Amino acid sequence: MSGFKGLAVPGPTNMPFEVRQAMDVALEDHRAPDFPEFTLPLFADLKKAFKLENGHVFVYPASGTGGWEATVANLLAPGDKVLASVFGQFSYLWVDMCQRFGLDVDAIDCEWGTGVPVELYEQKLAADKEHKIKAVLVTHNETATGVTSDVKAVREVLDSLGHPAMLFVDGVSSICSLPFDQEAWGVDVAVSGSQKGLMLPTGLGIVGVSQKALDNRPKQGFPKCFFDFDDMLKTNKDGFFPYTPATTLLRGLRASLDMLFDEGLENVWARHHRLAEGCRRAVDAWGLSLCAKEPKWNSDTVSAIVVPEGHDANDVIKAAYHKYDLSLGAGLSKVAGKVFRIGHLGYMNELMVMQALSGAELAMRDAGIPFESGAGVGAAVDYYASTEQSAALAAQ
Ligand SMILES: Cc1ncc(COP(=O)(O)O)c(C=O)c1O
């Protein structure tokens, strides 16, 4: 088939030409004397992207899952208690990892389509008079269900109770796309990966850690080597790594941070909101609903769209892929076959969202899902036409 393939999954996301070009370089010596001239400003700019003032952002040749593992291995000790909640495949997998580490995990089972239950967290933390809970886990954006949770509210609960537990945030599908402020929200750990808001290939696990968490690492922690923060801190301070870094990806990261800062993080967040809103208008006009149970949970990076009873979302995904060269996100685990997902994050503009919406309409027709042709696309057109153009376009 000729023409570009459409990529509307919530990661990996579309890669800007500037980023691809920045990675089209000869491999380089990561121990060269002038390598730190490249890495030290990069580390500083990553802190700006996370809005972290006091602490360090670690960059591992890994993925988001590696970022979770680095967090657990360095900041917790065998048997430590953590408070978590499960409301989708990724919040589930993080809990699963904690359990495999032998942590004592209090995982609140929530309805999929909802998010972090702040009131229940408050009750559990208030009851924990001996401060046995060492960390509270928050999946900021549950990519499987298109649900965003209120990280700041969890910090406020911890502070109002004077509870010393660390706040660990999975920001894999939120950081650099949704409003996020690690310092102001008192987030001790923010985990991300390269293949979503950062618009890069998969291959970097990126972990922002507060100075407080770094200073209070357990003396008798888990065995670790690859992920040891100490080895990274010792070498990163001079601009180097304890082992071979993914230099090509780091060059791409430089380009992606430059693009994000040129647009302005706040504008990037606003663009994501606007793009997502167009998609939500389309879903509404199709007469379908989101997996997110209430508007307060709506995610600006991914919409999980529920197909009517008696239909299989995989038929939509297959038709989109095979007939129209468009990748839509599949439903995972509990919502497999029930939802298809449109990722509207990263290097995206109105027309790219429109492409996904048109492709979804074509594929839904093929799958026999009843809706009025063009209704969703029309609703998105109306919304985009009557609201402000993206910051990038307006600037031209
Ligand atoms: C919210 C969230 N957390 C964690 C992960 C796992 O990250 P990775 O696949 O980069 O290991 C993902 C992947 O999609 C995710 O969306």
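About the thresholds
Numbering of residues begins from 1 in every chain and follows the order in which that chain's sequence is written. Thresholds applied to this predicted model are a pLDDT of at least 70 for local features of residues and 80 or more for the giving and counting of side-chain atom pairs; totals over whole chains, interfaces and linings are not thresholded and use all residues. Hydrogen atoms and water are omitted, and side-chain values are computed over all heavy atoms in the structure. Helix and strand assignments follow DSSP, with helices taken as H or I runs no shorter than four residues and strands as E runs no shorter than two, numbered in order from the N terminus. Relative accessible area decides the class of each residue, using a 1.4 Å probe on protein chains only: under 20% of the type maximum gives buried, over 50% gives exposed, and in between gives partly exposed. We define a polar contact as two N or O atoms separated by no more than 3.5 Å, with the added condition that, inside protein, one atom must be a possible hydrogen donor and the other a possible acceptor, whereas residues neighbouring each other in sequence contribute only through side-chain atom pairs. Two residues form a contact once any of their heavy atoms are found within 4.5 Å. Between the N-to-C directions of two axes lies an angle of 0 to 180 degrees, each axis being a line fitted to C-alpha atoms and, for a helix, fitted only over the stretch in contact. An angle counts as roughly parallel when it lies under 35 degrees, as roughly antiparallel when it exceeds 145, as roughly perpendicular when it falls between 65 and 115, and as oblique in every other case. Crossing handedness follows the turn of the near helix against the far one: under a right angle anticlockwise gives a left-handed crossing, and clockwise gives a right-handed one. UniProt positions are given in the numbering used here, feature names are shortened, and annotations may be inferred rather than shown by experiment. Strand pairing is defined by DSSP finding a minimum of two bridges between the two strands. The split of the chain into domains comes from an automatic or database domain assignment. Summed over both partners, the accessible surface that disappears when two parts come together, traced with a 1.4 Å probe, is what is meant by buried area. Any carboxyl oxygen of Asp or Glu within 4 Å of a side-chain nitrogen of Lys or Arg constitutes a salt bridge here. Classification of ring pairs uses Phe, Tyr and Trp, with its six-membered ring standing for Trp, and accepts pairs whose centres are within 6.5 Å; under 30 degrees between planes counts as stacked, over 60 as edge-to-face, and the remaining range as tilted.

Quick look at the side chain of Asp-188 now. Note on placement: Asp-188 falls in the loop between strand E8 (166-170) and strand E9 (189-193). What makes Asp-188 buried here is its relative accessible area of 2%. Looking at Asp-188, its side chain comes within polar contact range of the side chain of Arg-155, at 3.5 Å. The contact partners of Asp-188, leaving out residues within four places of it in the chain, are Arg-155, Ala-165, Met-166, Leu-167, Gln-182, Gly-208, Val-209, Ser-210, Lys-212 and Ala-213.

The next thing to look at is the packing of helix H2 (residues 35-50) against helix H9 (residues 247-263). At a minimum axis distance of 10 Å, the contact between H2 and H9 shows a crossing angle of 50°. Overall, the two elements H2 and H9 adopt an arrangement that is oblique. Between H2 and H9 lies a crossing of left-handed hand. In contact with Phe-35, Phe-38, Pro-41, Leu-42, Asp-45, Leu-46, Lys-48 and Ala-49 of H2, H9 contributes Thr-247, Leu-250, Arg-251, Leu-253, Arg-254, Leu-257 and Phe-261.

Turning next to the UniProt feature "modified residue: N6-(pyridoxal phosphate)lysine" (unreviewed entry) in the protein chain. On the UniProt side, "modified residue: N6-(pyridoxal phosphate)lysine" (unreviewed entry) is annotated at positions that read Lys-196 here. Within the secondary structure, Lys-196 sits in the loop between E9 and strand E10 (205-210). With residues near it in sequence (within four places) discarded, Lys-196 still touches Pro-10, Gly-11, Thr-13, Thr-143, Val-172, Ser-173, Leu-345 and Gly-346. A polar contact of 2.8 Å, which involves the side chain of Lys-196, links it to the backbone oxygen of Pro-10.

Turning our eyes to something else, we now look at the sheet that holds E8. Spatially, the seven strands line up as an open sheet ordered E2-E10-E9-E8-E5-E3-E4, and their pairing is mixed. Of all strands in the sheet, those bounded by a partner on one side alone are strand E2 (55-60) and strand E4 (104-109). Shown here is a sheet whose adjacent strand axes are inclined to one another by a mean of 20°, direction ignored. Where E9 and E10 come together, five bridges link them in antiparallel fashion. The residue bridging Gly-193 from the neighbouring strand is Gly-205, located in E10. Here helix H5 (residues 118-127) sits on the sheet in contact with strand E3 (81-86), E4 and strand E5 (133-139), set at roughly 175° to E5.

Let's shift gears to the pairing of E9. Counting buried positions along E9 gives five out of five residues, so the element sits mostly inside the fold. Residue alternation in E9 divides its side chains into two sets, Val-189, Val-191 and Gly-193 and Ala-190 and Ser-192, and both sets are buried. Relative to E9, E8 is paired through three bridges, and the arrangement is parallel. If you follow Asp-170 over to E9, its bridge partner there is Val-191.

The subject of this paragraph is the domain arrangement of the protein chain. Many analyses report the size of an interface as the accessible area lost when the parts associate. By the assigned domains, the protein chain splits into domain 1 (6-12 + 264-394) and domain 2 (17-262). Between the C-alpha centres of domain 1 and domain 2 the distance comes to 27 Å. Taken together, the contacts link 28 residues of domain 1 with 34 residues of domain 2. Buried surface at the junction of domain 1 and domain 2, both sides included, amounts to about 2,500 Å², of which 63% is carbon and sulfur. Looking at the side of domain 1 facing domain 2, the largest losses of area belong to Leu-265, Trp-269 and Trp-297, adding up to 27% of the total buried there. For the pair domain 1 and domain 2, the interface holds two salt bridges. Salt-bridge contacts for Glu-266 lead to Lys-51; the nearest nitrogen and oxygen are separated by 3.4 Å. Where domain 1 packs against domain 2, one counts 13 residue pairs in polar contact (both at pLDDT 80 or more).

With that settled, the discussion passes to the packing of aromatic side chains. Per the counting criterion, the structure on display carries 13 aromatic pairs. Between Phe-58 and Tyr-60, the ring centres sit 6.3 Å apart and the planes meet at 15°, which makes this aromatic pair stacked. In this structure, Phe-58 and Tyr-60 share a single accessibility class: buried. Ring centres of Tyr-60 and Phe-226 lie 6.3 Å apart, and the angle between their planes is 35°; this geometry places the pair in the tilted category. Here Tyr-60, found in strand E2, pairs with Phe-226, found in the loop between helix H7 (211-215) and helix H8 (229-236); they are 166 residues apart in sequence, far enough to count as distant. We classify Phe-226 as partly exposed; its relative accessible area is 35%.

The next subject is the sheet that holds strand E12 (residues 302-306). Across the sheet, which stays open at both edges, the five strands sit in the order E1-E13-E14-E12-E11 with mixed pairing between neighbours. The sheet is open, and its two borders are formed by strand E1 (6-8) and strand E11 (289-290), each paired with just one other strand. Contacting strand E13 (326-330) and strand E14 (339-343), helix H11 (residues 313-324) crosses the sheet at an angle of about 160° to E13.

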